[in-house]
Amino acid sequence: MFIAVYPGSFDPITNGHLDIIERGRKLFEKFIVAILRNPHKLPLFSVEERAQMIQEVVQDFENVEVAVFEGLLVKFAQEKGCKVIVRGLRAISDYEYETQLAVINRKMFPEIETIFLPTSTEYSYLNSTVVKEIARFGGCVKGLVPPVVERKLRERFDTFR
Ligand code: PNS
């Protein structure tokens, strides 16, 4: 089976991520959205909450699976039988970090290739940090994130207000 893994923090998933999932999943038999459990970062949402939001968003995509991983991405990909890592590229500023990751991953596990999908232009400015910043200060995130995320952000920040 031709399987791809789309890894990230997804804290939370944005419409930019969703754009990559919708387009990427058409290229593979199975498309695994893999959330990194990172003990060194303090996320806004737990991995369980992030997984639940993504699950809701991709429920109609029959070849998309949501998973959580810890440690090295290439090890996870190898365990899942993935040959391809998919990453979205928004702007040239992403390029340096993304190629560094891709080269290091290939050095560790040459059988796995990284491919980049250019993010659709309407999401080229978008990332999870920007979304959290807007939501934290009561701004509107409609159109930037799926409705379930909009709701969860509102709930989360209303609690602190
Ligand atoms: O959405 P992000 O935070 O930009 O995603 C980064 C991610 C999760 C793809 C990257 O940090 C990762 O793969 N981490 C797992 C550890 C690893 O394999 N690192 C690469 C070698 S240094």
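Presented here is an overview of the structure given in this document. (Residues numbered from 1 in each chain as written. Predicted model: local features only at pLDDT ≥ 70, side-chain atom pairs only at ≥ 80, totals over all residues. Heavy atoms only, no water.)

**Points about the site of the ligand**
Taken together, 14 residues form the shell around the ligand, and within it Gly8, Ser9, Gly71, Leu73 and Arg87 come nearest. Between Leu73 and the ligand, the recorded distance is 2.9 Å, taken from a backbone N or O atom to an oxygen atom. Contacts to the ligand include Arg87, whose side-chain N or O atom sits 3.0 Å from an oxygen atom. Expressed as a share of its isolated accessible area of 560 Å², the protein-covered part of the ligand is 73%. Of all the elements in the fold, those that place two or more residues in the shell around the ligand are strand E1 (3–8) and helix H4 (92–108). Among the elements that take part in the shell around the ligand, H4 stands out by supplying five residues, more than any other. Taken together, the residues that form the shell around the ligand break down as nine nonpolar, four polar and one charged. (Near = heavy atom within 4 Å. Polar contact = N/O pair within 3.5 Å; in protein donor to acceptor, adjacent residues only side chain to side chain. Areas by Shrake-Rupley, 256 points an atom, 1.4 Å probe, with all protein chains shown as cover. Helix = DSSP H or I, 4+ residues; strand = E, 2+ residues; numbered from the N terminus. Nonpolar A, V, L, I, M, F, W, Y, C, P; charged D, E, K, R; others polar.)

**Let's talk about the side chain of Asn15**
With respect to the secondary-structure elements, Asn15 resides in helix H1 (residues 15–24). In terms of polar contacts, Asn15 uses its side chain to reach the backbone carbonyl oxygen of Gly143, at 2.8 Å. Aside from chain neighbours lying at most four places away, what touches Asn15 is Tyr123, Leu126, Gly143, Leu144, Val145 and Pro146. (Contact = heavy atoms within 4.5 Å.)

**A short note on the packing of aromatic side chains**
Scanning the model with the defined rule gives five aromatic pairs in all. Both rings, one in Tyr6 and one in Phe10, keep their centres 5.4 Å apart while their planes meet at 70°; by these two values the pair is edge-to-face. One exposure class covers both Tyr6 and Phe10, and it is buried. Geometrically, the ring pair formed by Phe28 and Phe31 is tilted, given 6.3 Å between the ring centres and 40° between the ring planes. (Phe/Tyr/Trp six-rings, centres within 6.5 Å; stacked < 30°, edge-to-face > 60°. Buried < 20%, exposed > 50% of the residue type's maximum accessible area, 1.4 Å probe, protein only.)

**Structural notes on the sheet that holds strand E2 (residues 30–36)**
In space, the five strands of this open sheet follow the order E3-E2-E1-E4-E5, with parallel pairing throughout. The open sheet has two free edges, formed respectively by strand E3 (64–69) and strand E5 (113–118), since each of these has just one partner strand. Within the sheet, the average angular offset between the axes of one strand and its neighbour, ignoring direction, is 30°. Two elements, strand E4 (residues 84–89) and E5, share six bridges in a ladder whose sense is parallel. If you follow Val84 over to E5, its bridge partner there is Glu113. (Pairing = 2+ DSSP bridges. Axes fitted to C-alpha atoms, helices over the stretch in contact; angles between N-to-C directions.)

**Here we look at the environment of Lys30**
Relative to the helices and strands, Lys30 is located in strand E2. Residues Lys30 and Ala77, 47 residues apart in the sequence, show an inter-C-alpha distance of 12 Å. The contacts of Lys30, once residues within four sequence positions are left out, are Met1, Phe2, Ile3, Ala4, Asn63 and Glu65.

**Points about the pattern of salt bridges**
Scanning the model with the defined rule gives 15 salt bridges in all. Residues Arg37 and Glu70 are paired through a salt bridge, measuring 3.6 Å at the closest nitrogen-oxygen approach. With Arg37 in the loop between E2 and helix H2 (47–57) and Glu70 in the loop between E3 and helix H3 (73–80), the pair connects residues that are 33 residues apart, well separated along the chain. Classification of Arg37 as partly exposed rests on a relative accessible area of 33%. The class for Glu70 is exposed, based on a relative accessible area of 55%. Here Glu49 ties to Lys152 by a salt bridge, and the two come within 3.8 Å at their closest N and O atoms. (Salt bridge = Lys/Arg side-chain N within 4 Å of Asp/Glu carboxyl O.)

**Details of the nonpolar core**
Within soluble globular proteins, side chains that are nonpolar tend to cluster in buried spots. Counting residues in hydrophobic clusters, the biggest one holds 36 residues, and the most contacted among them are Ile21, Phe31, Ile54, Val58, Val86 and Leu153. The dominant element in this core, judged by the number of residues it contributes, is H2, at five residues. Setting aside its immediate chain neighbours within four residues, Val86 contacts Ala4, Val5, Tyr6, Pro7, Ile20, Phe28, Phe31, Ile115 and Leu117. (Core = buried A, V, L, I, M, F, W, Y, C linked by side-chain atoms within 4.5 Å.)

Interpretation note: all reported values are geometric properties and have no functional meaning in isolation.
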